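Residues per chain are reported as follows:
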Amino acid sequence: MSSEAPFALRIEIRGVVQGVGFRPFVYRVAIAHGVRGWVSNGPHGVSIHAEGTSASLDAFLHAVRTEAPPAAHVATLTSRATDVVGSASFVIRASDLVGAPTVRVSPDLCVCDDCLRELRTAGDRRYGYEYVNCTNCGPRYSIIESLPYDRARTTMHAWPLCEACEREYRDPADRRYHAQPTACPRCGPRYLLERAGATALRGDDAIAAVVDLLRAGLIVAIKGIGGYHLACNAEMSEAVATLRERKFRKDKPFAVMVPTIDAAREIGELGPEHCEALASIARPIVLAPSRRRLEGVAPGTRELGLMLPHTPLHDLLFRLGAPSPLVLTSANRSSEPIAYRDDDARERLAGLADAFLVGERPIARRVDDSVVSVQCHGPQVLRRGRGFAPAIVASFPGAPATLAVGADLKNAIALVVAGDVVMSQHIGDLGDLETDRAFDETVRDLLSMFALRADEVIVAHDLHPQYRSTLRAQSLSALRHVAVQHHAAHVAAVLAEHGRLDETVVGLALDGTGYGHDGAIWGGEVLVGSVRRGFRRAAHLRVAPLPGGDAAARFPVQAAAGRLYGIVDGALRDAPFHLPARFAHATALVERGINCFPSSSVGRLFDAAAALLGFVGEVTYEGHAAIWLENLATSAANDDAYPFARLDDRDLLGALIRDRRAGRPETEIARAFHLGVASGFAEAAVGAARDSGCRTVALSGGVMQNRIVTSALARHLDAAGLSTLCHRLVPPNDGGIALGQAAIAALGG
Ligand code: ZN
Ligand code: ZN
Ligand code: FE
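Residues numbered from 1 in each chain as written. Chains lettered and ligands numbered in written order. Predicted model: local features only at pLDDT ≥ 70, side-chain atom pairs only at ≥ 80, totals over all residues. Heavy atoms only, no water.

## Brief notes about the overall build of the protein
Broken down by element type, the protein carries 21 helices and 29 strands. Computed over the C-alpha atoms, the radius of gyration of the protein is 27 Å, within 12% of the 27 Å expected from 2.2 N^0.38 for a compact globule of 749 residues. Projected onto its principal axes, the C-alpha positions of the protein cover 90 × 65 × 45 Å. Classification of the 749 residues of the protein by burial places 60% in the buried group. In the protein, of all internal contacts separated by at least 6 residues, the share reaching a separation of at least 24 is 71%. Per element, the accessible surface of the protein, about 28,000 Å² overall, is 50% carbon and sulfur. Taking the 80 positively charged and 83 negatively charged side chains of the protein as two groups, their mean positions are separated by 1 Å. (Helix = DSSP H or I, 4+ residues; strand = E, 2+ residues; numbered from the N terminus. Rg over C-alpha atoms; globule rule 2.2 N^0.38 Å. Buried < 20%, exposed > 50% of the residue type's maximum accessible area, 1.4 Å probe, protein only. Contact = heavy atoms within 4.5 Å. Areas by Shrake-Rupley, 256 points an atom, 1.4 Å probe, with all protein chains shown as cover. Lys, Arg positive; Asp, Glu negative; His and termini not counted. Charge placed at Lys NZ, Arg CZ, Asp CG, Glu CD.)

Now the structure itself:
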C-alpha cells in the first residue's frame, strides 16, 4: 500500500461538540495535517469527511481525539472507511439540521485565558470589555432561547455584529468563528449603573463607579451569567450585617469571590482538590475550611464557600480595585429563587441593593452558582448549577425516554433521551410561585431541547402523594407515570452515576425526610436490591413518633421530644439542657398521640442530638442543626463511639445525656455521637451484605454531606471487606433524586 494512495474516512462524533469551537478546531487540525474534505454540525453531533494519506489521516484522527477544545466533551467517536470523492480543500459546511436533535447543549463556560488577555491589554479592541467571549468560553445555556444553537436563537439576537466582529465570525481560522455570543464595545451590550431607579453611568464608567460603591461598604446587585448576585465587602461587618438583615437570611453562609487562587489560599485551607475544583471550567463555589474569620459571612461554621471570577466583568471589577474577598450571594430574599430578569430584579431587590449593575444582555433562564465540596473520597457536587448544567450524568443504553421530576426540596430534573441522562440545573425548593414556574419552564425546556412531547415519555416522580413535584408530574399527559420511593431513588442515583445498573447492593440512605411505602417518614434506611429489580427495606433506624411531622424539621427540640420519649423523665428544663417549653409541649403531644407521625429519619436524630447539646432555637435553613453539630464535632479528636446496636438510638442518646450531665465537653460528645451513628449503620450494612451476599454498599442521602459520618462509614465498611460507592457528579441530597427516579422508572422491571 503506497503512502501516497488517497483514503477517505467518515468520522462521527457525539458529545458536547457544538458551541464549543469544535468545527474550527477540526478545520485547523485538518489544515495542519494536509487533510481535505469537510466538517459539519448535524442533529446528532459533528460529522467529518476526511481524505488524505493513511499517515496523515492517522495523525489527524489522533489530534481530533486528543486535542479537542477545553469545553468540548467527546462522548463517542466512530470512524469508517468511505469512498474518496476527491475534495480539493477542507471546508466547514453549513449545518445539517434534519431529524430530532440529540445534540447536547453546553453549560455556561468561564472566561478563557485568551479572552482575559484581550480584556487586560491596552490597545486591544476589546480592552476592558465586560462581555468579551469566544468559542472556547462565555455563556451558552443561560442565553439559549431555542435550538439549534446559533445567534438568532440566543438572547444576543438584538445586537447585529459590526464589521470587525462579522469578519472574525466568518473566518474559520479565527477563535471567534461562529462564536454565537461574540461582541465588542462597538456593537455589543454593555453594563449600566442604576441608582434610585435612574441610569447613572454606562460601560467602563459604570464599572469603575461600582468599585467605589463596594469600597464604601454599599450593597450592589450585579448581573451575572444565570442571575443577579448581591455583592458587598466581606471584611466590612456592618455591610455584611445589613445584607443579612435585608435578605432575611439569619445564618445561612454567604459565598465569597476572590480574584486569584493565591487570594483564596489566604482565607481558605485548600488542598489540591479544592484548587482544581476552584479553577475548573465550571468555576463553582468550593467549600473549604476557613483560615480567617470574616464576621457574619459564615456564622456557626468553620467552612467558607469560595469562588474565583468566572466572567470578564468579575475580573474587571477586581482589577479596578474591588474589595477582596467580596461577598457574592444570590440576589433574593430568604427562600425565593435568584432574580434574573432585569425588571423583576429592580422590583424584588429594591430594598436590598443600594445600586444595580445591570447588564444589557438578557438571561434566558435562571442558573444558580454550583457548589462543590471535597469529601474523603474526593470532590463531590452538592448543587448542580452554572457550569454543570445541563450535562449528561449517566448513560442507560437502550432505555426509553423518561422524565424524572425529582423531589420538592433542592429540586432538579432529569431526562433520559437516546440512552443518555441529562440533568437540569438546580431549581430550588418548590412551594414558591417563582420556583414552581421555574420548574414548569425547565420541564418544557428539557423536552423541547430534545424535541420530545410529554406524551412520548415515561414520567417518574416521588412516592409522596402530596409533593408539588408529584402533583405537577401527574398533570403531565405521560406515556405512563411511575412513583419511586424516595430512598430507593437516592440509592439508585449513586448506582446510576457509577454505571452499576445490574449490581445488587446494600444501600444506606441517611436522609432528612422521605415518604415510605408504609406512609411513615423514612430517612434511616438500609435497603438491598438493584436498579433493575428494585429495593427492599432490610433494616432501619428505630421508628419513633415525630410530633408535628415534617414541620418538626424547623425545631430540633420537637424532634428531640419524639426520639427521647420513654428514655428520659422530665422536661430537661434544667442545666445543662435548658430545653424550652416547646419541648414539654411536644412531649405532651407524643404522650397523647396527637399530630404525631412515625419516623425513622436520621436527620431528625441529628436534630435531637443538636437540641441536647444546646441548639434549642429554630432552624433557618435545611441541615442547619446537623451542620452546627458537625462543626462542634470537628474540633474534637476522641475516637470513642456511643453504642447504637441494631439501629436502636435509645442507647446512643442515653449515653449522650449521661456524658452531658457528667460535664464532658460538647465537642467530644458530638464526635462520639457521629462515630456512633456511623458504626451502627456500618454494622447494619455489614449484616445486610452478609445475608444477601452483596459486596458493595452504596451511600446516599443528605446526611452523606457530613464528612465525619461518611469517612467513618467508609472506614468501617472497608475494614469489613466491603467496597463503598459515593456520589461525585450528582448531589447526595435531594438534588440527585431525579437521577435515581429516572434509573428505576426507565430500567426497573
Ligand atoms: Zn474566550
Ligand atoms: Zn463588534
Ligand atoms: Fe432525600
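What follows picks up the thread again.
## Focus on the sheet that holds strand 13 (residues 326-330)
Taking strand neighbours across the sheet as the criterion, the 11 strands line up as 7-6-14-8-9-13-10-12-11-15-16 in an open arrangement whose pairing is mixed. With partners counted over all chains shown, the strands left at the sheet margins are strand 7 (198-202) and strand 16 (378-383), one partner each. Mean inter-strand twist for the sheet, computed between neighbouring axes without regard to direction, equals 35°. Where strand 10 (residues 255-257) lies against strand 13, 2 bridges are found, and the strand directions are antiparallel. Within the sheet, the bridge partner assigned to M257 lies in strand 13 and is L326. (Pairing = 2+ DSSP bridges. Axes fitted to C-alpha atoms, helices over the stretch in contact; angles between N-to-C directions.)

## What about the pairing of strand 25 (residues 534-540)?
In this sheet, strand 25 lies alongside strand 24 (residues 524-530) in antiparallel orientation, the contact comprising 6 bridges. Within strand 25, the position partnered with V526 by the bridge is A539. Taking the residues between adjacent antiparallel strands as the criterion, strand 24 and strand 25 are bridged by 3 residues.

## A short note on the side chain of S40
Within the fold, S40 resides in strand 2 (residues 36-42). Of the residues examined, S40 reaches a relative accessible area of 6% and is grouped as buried. Apart from residues lying up to four places away in sequence, S40 is in contact with R23, G45, V46, S47, R93 and A94.

## Notes on unusual backbone geometry
Here the residue pair A389 and P390 is connected by a cis peptide bond, since its omega of -5° sits within 30 degrees of zero. By secondary structure assignment, the location of P390 is in the loop between strand 16 and strand 17 (391-395). Note that the residue after A575, namely P576, is joined by a cis bond; omega there is 0°. Relative to the helices and strands, P576 resides in the loop between helix 14 (556-564) and helix 15 (581-592). For R283, which is not glycine, the phi torsion reads 45° and is therefore positive. Mapped onto the fold, R283 is located in the loop between helix 8 (272-279) and strand 11 (285-289). A relative accessible area of 16% means that R283 is categorised as buried.

## What to know about the environment of G203
As for its position among the elements, G203 is in the loop between strand 7 and helix 5 (204-215). The exposure class of G203 is buried, given its relative accessible area of 3%. Separated by 74 residues in sequence, G203 and Y129 place their C-alpha atoms 8.1 Å apart. In this view, G203 contacts E130, R190 and Y191; residues no more than four positions away in its chain are not counted.

## Some remarks on the coordination of the zinc ion (ligand 1)
Protein coordination at the zinc ion (ligand 1) comes from C112 (SG), C115 (SG), C134 (SG) and C137 (SG), with a distance range of 2.2 to 2.4 Å. Around the zinc ion (ligand 1), the 4 donor atoms are arranged such that angles at the metal cover 104 to 119°; this shape is classified as tetrahedral. Sequence positions of the donors to the zinc ion (ligand 1) reduce to the motif C-x2-C-x18-C-x2-C. Neither C134 nor C137 differs from the other in exposure class; each is buried. (Donors = N, O, S within 2.8 Å, 3.2 Å for Na, K, Ca; no water. Tetrahedral: all angles 85-135°; square planar, octahedral: opposite > 155°, others 65-115°.)

## Observations regarding the pattern of salt bridges
A side chain of one charge can pair with a side chain of the opposite charge when the charged atoms of the two come close. A full pass over the atoms with the stated rule returns 49 salt bridges. Linked through salt bridges whose partners overlap, the residues forming this network are D114, R117, E118, R175 and R176. (Salt bridge = Lys/Arg side-chain N within 4 Å of Asp/Glu carboxyl O.)

## A look at the environment of E347
Looking at the secondary structure, you find E347 in helix 10 (residues 342-348). Given the relative accessible area of 66%, E347 is considered exposed. Taking C-alpha positions, E347 is 49 Å from R65, a pair spaced 282 residues apart along the chain.

## Here's the deal with the packing of aromatic side chains
Throughout the structure, instances matching the rule amount to 8 aromatic pairs. Taking 6.2 Å as the distance between ring centres and 65° as the angle between the ring planes, the aromatic pair formed by Y129 and Y131 counts as edge-to-face. For the pair Y129 and Y131, a shared accessibility class is recorded, and that class is buried. Between the aromatic rings of F606 and F673, the centroid separation amounts to 5.1 Å while the plane-to-plane angle is 80°, which identifies the pairing as edge-to-face. Of the two residues, F606 is situated in helix 16 (residues 602-612) and F673 in helix 19 (residues 666-692); the sequence distance between them amounts to 67 residues. Each member of the pair F606 and F673 is classed as buried. Among the aromatic residues, those joined into a cluster by ring pairs are Y27, F60 and F90. A cation over an aromatic ring shows up here: R365 above the ring of Y141, its NZ or CZ 4.6 Å from the ring centre. A cation over a ring is seen here: R537 above W522, with NZ or CZ 3.7 Å from the ring centre. (Phe/Tyr/Trp six-rings, centres within 6.5 Å; stacked < 30°, edge-to-face > 60°. Lys NZ or Arg CZ within 6 Å of the ring centre and 35° of its normal.)

## What about the coordination of the iron ion (ligand 3)?
Think of it this way: four donors in a tetrahedron around the metal ideally sit 109.5 degrees apart, and six in an octahedron ideally sit 90 or 180 degrees apart. The iron ion (ligand 3) binds to the protein through H486 (NE2), H490 (NE2), D511 (OD), D511 (OD) and D734 (OD); the donor distances cover 2.0 to 2.8 Å. Relative accessible area serves as the criterion here: at 0%, H486 is assigned to the buried category.

## Focus: the state of the cysteines
In the structure shown here, the tally under the stated rule is 0 disulfides. Free of any disulfide, C110 has its nearest cysteine sulfur in C137, 7.6 Å distant. Judged by relative accessible area, which is 8%, C110 ranks as buried. (Disulfide = S-S within 2.5 Å.)

## Description of the packing of helix 3 (residues 113-120) against helix 9 (residues 312-319)
Think of two packed helices as two axes; the pair is described by the angle between the axes and how far apart they sit. Interhelical geometry of helix 3 versus helix 9 gives an angle of 45° and a closest axis separation of 11 Å. The angle between the axes of helix 3 and helix 9 places the two elements in the oblique class. Crossing of helix 3 over helix 9 shows right-handed handedness. Taken together, the residues of helix 9 that come into contact with helix 3 (itself represented by L116, L119 and R120) are P312, D315, L316 and R319. Here the residues of the contact of helix 3 with helix 9 are counted per class, giving 4 nonpolar, no polar and 3 charged. (Parallel < 35°, antiparallel > 145°, perpendicular 65-115°, else oblique. Left-handed = near helix turned anticlockwise from the far one by under 90°. Nonpolar A, V, L, I, M, F, W, Y, C, P; charged D, E, K, R; others polar.)

## A word on the nonpolar core
Counting residues in each nonpolar core, the largest one holds 64 residues, and the members touching the most others are V506, L508, L564, L629, F673, F681 and L713. Among the elements that make up this core, the one with the highest residue count is helix 19 (13 residues). Ignoring anything within four residues of it in the chain, the contact list for L629 reads F606, A609, A610, L613, A670, F673 and H674. Membership of the second largest hydrophobic core comes to 42 residues, among which are A412, V494, L495 and I737. (Core = buried A, V, L, I, M, F, W, Y, C linked by side-chain atoms within 4.5 Å.)

## Thoughts on the environment of A55
Tracing the chain through its elements places A55 in helix 2 (residues 54-66). Residues A55 and H33 lie 22 residues apart in sequence; the distance between their C-alpha atoms is 9.3 Å.

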